[in-house]
Structure formats: structure tokens, C-alpha cells
Amino acid sequence: MSQTAPCLLSDQPCLQVRGLSTFFFTRGGIVKAVRELDLDLWPGRTLALVGESGCGKSITALSLLRLVPAPGRIVSGSIRLDGEELLQLPAQEMRRRRGNRIAMIFQDPMTALNPVLTIGRQLTEGLELHRGLSGRAALLRAAELLDQVGLANPVQRLRDYPHQLSGGMRQRVVIAMALAGKPQILIADEPTTALDVTIQAQIMTLLGDLQRQQNMALLLISHDLGLVAQNADEVAVMYDGLVVEQAPVTQLFDNPLHPYSRHLLNCIPRRAGQPTETASPTGPFWHHCPARFRPRPTGPPPLQQTSAGHWLRCWPETP
Ligand SMILES: Nc1ncnc2c1ncn2[C@@H]1O[C@H](COP(=O)(O)OP(=O)(O)OP(=O)(O)O)[C@@H](O)[C@H]1O
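Remember, it's a predicted structure, so these values are computed and weren't measured experimentally.

So, the overall build of the protein chain
If you tally the helices and strands in the protein chain, you get eleven helices and twelve strands. Taking all 319 residues of the protein chain together, 42% fall into the buried category. Taking as baseline every contact in the protein chain between residues at least 6 positions apart, the subset at least 24 positions apart corresponds to 67%.

In C-alpha cells:
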């Protein structure tokens, strides 16, 4: 199978994750950042991962790329990209899959950009690595990519350093860098949080347009439920490392079944930004759990299908 083949089979997921668990082995004990995660990413579709700070969203993303920092480690599970098991690939092969097949953009574009290199240099490096282009061909392609992400005067921009661009322009450059390898899957971790509201909307429109053009699967990580409602096809709600509910976006917003999903939706702020009330993974949310006093087997409840495409991990409210 070609390493750069776009995901054209829209009736099959590009990425299938099963039973993925990632733990941090710290001096203070084991932090179970991601537990028993199952998810599918489909070509041309957006799955949003929501939940508050510390629930495991970013570590999920880093696990999919096999970039979990020490002392963290993937302890079990399977990640299949078009049927190929990523967890068994040699490190060098995995490096090739990153960028070529799965790319990621982060909240703060400055973390992805080198402040002392021009935009042109940074883009052409990626094009050399992932597409084998060099010299003038790489520069031409870099300018095309900047044009594709909506930057005016792309040739001029190639000579700029990151600090010469606005935050929105920098995020467009980062998106261009992510697209350099023509990935099938784009992971966007809070891609607009650092930007002001009008620029946020422009970046989301851009991501949607690029996704349609390239039939990319998008994993959108966000705490902004308004943004998720507008941009996702499906939503997975995470709590304490576990997906507690997953459903098509309208179903989840119209009929959230898990008490934690309801709690999150009740916390949607009137203005864009963080929810006004938060629950820490170890903390207050379980006080709201209606089943908390009932004896139950140890370990979390299983994820069960309640209707087509709607999955729930919850002890029943009535015994
Ligand atoms: N380097 C690390 N060492 C130990 N624990 C870590 C490390 N990085 C993350 N964790 C833990 O893993 C869990 C999941 O963290 P993660 O960054 O995925 O949360 P998140 O949902 O992305 O939060 P945020 O929205 O704030 O980015 C948290 O309990 C966090 O404390």
C-alpha cells in the first residue's frame, strides 16, 4: 500500500483504535491518563474529543502519534492506520507515518514554529522530508501551500520569521506545514484557543475547507462546546481517561445520556471560553453521579450501545 495514498475508501475508518491505555509512571504513583480507548476516524469526517482539563485529550492525541513523553507509556491496545498496526512499527517507520499520514496542529502555533528560521525554510524542510522535494520545487510548493491556507503574498511570507506574523497567520502557516505531507488524518488540539473569536471562525472554516478538499479525517480536541457543535460530526466525551459517551453531534447535544455529559453541557458559557464550572478528574464530579452509593463491580462500567451510533459508559441510574 502506498504510504501517501489518500484515504479514499470513505466507507471504512482510516484509523481504528481499540483498548488503548496510556499511563504515566510517576514517583507519586501511576496516572492512568487514557484508559481502554476505542475510536474510529473516518475520511472526510470530524470526531471531537471533549472534556475538561486533565481528562486525557492531549495524551490521547500524542498516543495516536506515538509521541507520549516520559514517564508516560502506551501500556496496551491497538492503533490501526488503514489496517496497519502502528504500535508495532519500528520507530523510523513511525516517523514516516507522522506528517505523511497523520499530522497534528497544536493550540499555540509558536510551539510548532522555530523562531530563528524563516517560514520558507521551515516549510521546505517538511517538504524535503515528506515529499522528497528540494530547491526551487520545494519553494514553489511551499508558496502554493501558503496560498492554499489563505495567506496573501505567499512568496513574501516565505521570507518572514514567525514573529513578523499575527497569531492567526502563524496558525495558517502551521496548518500549511501539517498539510505538506498530504496527511489522511489531521489531529487539531485546541487549534483556535489562542486566537481571538473572529480569527477562530476563519481557522475553523479553513480546516473544514481543507478537510473537504483532501477527504481528511479530523480529530478535533476542544473544550469549546460551541465550536464542537458547529464543526464536528461526532463527539466523544472524556472523563478521567475514559470515553464516557460518544454519539453523533446533534444526538449528544439534544439528548446527552451520561450525567457528566449533561454536566458539561450545563456548563457551556454564555461567551466563548472555558466552562464556568469545572470538575477535576479525581474530584467533584462523582458527587453528582446518581449511582455512586450503589455497590458495583470494581472498575469502570463498560461502553455500551444505547441506539445507533450512541455509546454510553454508565452504571444504570436505577438498579
Ligand atoms: N508528563 C506527565 N507526567 C505525569 N502525568 C502527566 C504528564 N502529562 C500528562 N499527565 C497526566 O495525564 C492526564 C491527562 O492529561 P492531558 O494533558 O491529556 O489532559 P487534557 O485533557 O489534554 O487537558 P488540557 O485540556 O488541560 O490540555 C492528566 O492527569 C495529567 O496530569
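Some remarks on the UniProt feature "domain: ABC transporter" (unreviewed entry) in the protein chain
As annotated in UniProt, the feature "domain: ABC transporter" (unreviewed entry) corresponds to residues 17-265 in the numbering used here. Annotated as residues 17-265, this span is 43% helix and 27% strand, and its ends, taken at the C-alpha atoms, are 26 Å apart.

With respect to helix α11 (residues 259-266)
Along α11, the residues that are buried comprise Pro259, Tyr260, Ser261, His263 and Leu264. At its buried positions, α11 is contacted by β3 (46-50), α9 (225-231), β9 (234-239), β10 (242-248) and α10 (249-254).

A short note on the sheet that holds strand β7 (residues 185-189)
If you walk across this open sheet you meet the eight strands as β6-β7-β8-β3-β9-β10-β12-β11, and the pairing is mixed. Only two strands of the sheet have a single partner each, and these edge strands are β6 (102-105) and β11 (303-307). Direction aside, the axes of adjacent strands within the sheet are offset by 20 degrees on average. Pairing analysis gives four bridges linking β6 to β7, with the strands arranged parallel. Its bridge partner lying in β7, isoleucine 105 is registered against alanine 188. Helix-sheet contacts for helix α7 (residues 167-179) involve β6 and β7, and the interaxial angle to β6 is about 170 degrees.

Quick look at the packing of helix α4 (residues 119-131) against α7
Each pair of packed helices can be summarised by the angle the axes make with each other and by the distance between the axes. Packing of α4 against α7 brings their axes to within 9 Å, and their N-to-C directions diverge by 20 degrees. Classified by the angle between their axes, α4 and α7 sit roughly parallel to one another. The crossing of α4 and α7 is right-handed. Residue-level inspection shows Ile119, Gln122, Leu123 and Gly126 of α4 in contact with α7, the latter providing Val173, Ala176 and Met177. By residue class, the composition of the contact of α4 with α7 is five nonpolar, two polar and no charged.

Structural notes on the sheet that holds strand β5 (residues 84-85)
One open sheet holds the four strands; their spatial order is β2-β1-β4-β5, and the pairing between them is antiparallel. Each edge of the open sheet is held by one strand with a lone partner, namely β2 (29-41) and β5. Summarising the sheet, strand β1 (residues 15-26) and strand β4 (residues 72-81) pair through eight bridges and their orientation is antiparallel. Paired with threonine 22 across the two strands is isoleucine 74, which belongs to β4. Docked against the sheet, helix α1 (residues 57-64) engages β1, β2 and β4, running at close to 65 degrees with respect to β2.

Thoughts on the confidence of the model for the protein chain
Of all residues in the protein chain, 86% have pLDDT values of 70 or greater, and the mean over the chain is 86. Segment residues 1-6 is flagged for pLDDT under 50; beyond a separation of four residues in sequence, or across chains, it makes ten contacts in the model. The model gives residues 270-284 a pLDDT under 50, and that stretch makes 24 contacts with residues more than four places away or in other chains. Scoring the predicted complex yields pTM 0.87 and, for the interface, ipTM 0.97.

Focus: α4
An α-helical turn contains 3.6 residues, so a residue and the one three or four places further along point in the same direction. Counted at 1.5 Å a residue, the expected span for α4 with its 13 residues is 18 Å, and the 17 Å between its end C-alpha atoms agrees. Those residues of α4 that fall on the buried side of the exposure criterion are Ile119, Gln122, Leu123, Thr124, Gly126, Leu127 and His130. On its buried face, α4 sits against α2 (91-100), α5 (135-148), α6 (154-159) and α7. Note on α4: the residue one or two positions beyond its end, glycine 132, has a positive phi of about 70 degrees.

As for the site of the ligand
The environment of the ligand is formed by 16 residues, the closest being Ala33, Ser53, Lys57, Ser58 and Ile59. Residue assignment for the shell around the ligand shows that the elements contributing at least two residues are β1, β2 and α1. With three residues, α1 is the largest single contributor of residues to the shell around the ligand. Of the residues that constitute the shell around the ligand, the class distribution is seven nonpolar, eight polar and one charged.

A short note on the packing of α7 against helix α8 (residues 197-214)
At a minimum axis separation of 10 Å, α7 and α8 run at an interaxial angle of 15 degrees. As the angle between them shows, α7 and α8 are arranged roughly parallel. Note that α7 runs across α8; the crossing there is right-handed. Residues Gly167, Gly168, Gln171, Arg172, Ile175 and Leu179 of α7 form the contact with α8, whose participating residues are Ile199, Gln202, Ile203, Leu206 and Leu210. Partitioned by chemical class, the residues of the contact of α7 with α8 number six nonpolar, four polar and one charged.

Reading guide: rules and limits
- Counting restarts for each chain: residues are numbered from 1 in the order of the written sequence.
- Per-residue local features of the predicted model are confined to residues with pLDDT of at least 70, and side-chain atom pairs are confined, for both listing and counting, to 80 or more; whole-chain, interface and lining totals are unaffected and use all residues.
- By the criteria applied, helices consist of DSSP H or I runs no shorter than four residues and strands consist of E runs no shorter than two, each listed in order from the N terminus.
- The burial criterion counts other C-beta atoms lying within 10 Å of a residue's C-beta, which is placed from the backbone; the residue is buried at 20 or more, exposed at 12 or fewer, and partly exposed between these limits.
- Placing a C-beta atom from the backbone of each residue, one calls two residues in contact when those atoms lie within 7 Å.
- UniProt positions are given in the numbering used here, feature names are shortened, and annotations may be inferred rather than shown by experiment.
- A strand pair is defined by DSSP finding two or more bridges across the two strands.
- Lines are fitted to the C-alpha atoms to define the axes, a helix being fitted only along its stretch in contact, and any angle between axes, read from their N-to-C directions, falls within 0 to 180 degrees.
- Note that the term roughly parallel is reserved for angles under 35 degrees, roughly antiparallel for angles over 145, roughly perpendicular for angles of 65 to 115, and oblique for everything else.
- It is the rotation of the near helix from the far one that decides the hand of a crossing: anticlockwise by less than a right angle makes it left-handed, clockwise makes it right-handed.
- Nonpolar residues are Ala, Val, Leu, Ile, Met, Phe, Trp, Tyr, Cys and Pro. Charged residues are Asp, Glu, Lys and Arg, and all others, Gly as well, are polar.
- Every residue gets a pLDDT, meaning the predictor's confidence in that residue, from 0 to 100.
- For a helix, the expected span equals 1.5 Å multiplied by the residue count minus one.
- We call a residue near a molecule or strand when the C-beta position, derived from backbone atoms, sits within 6 Å of it.

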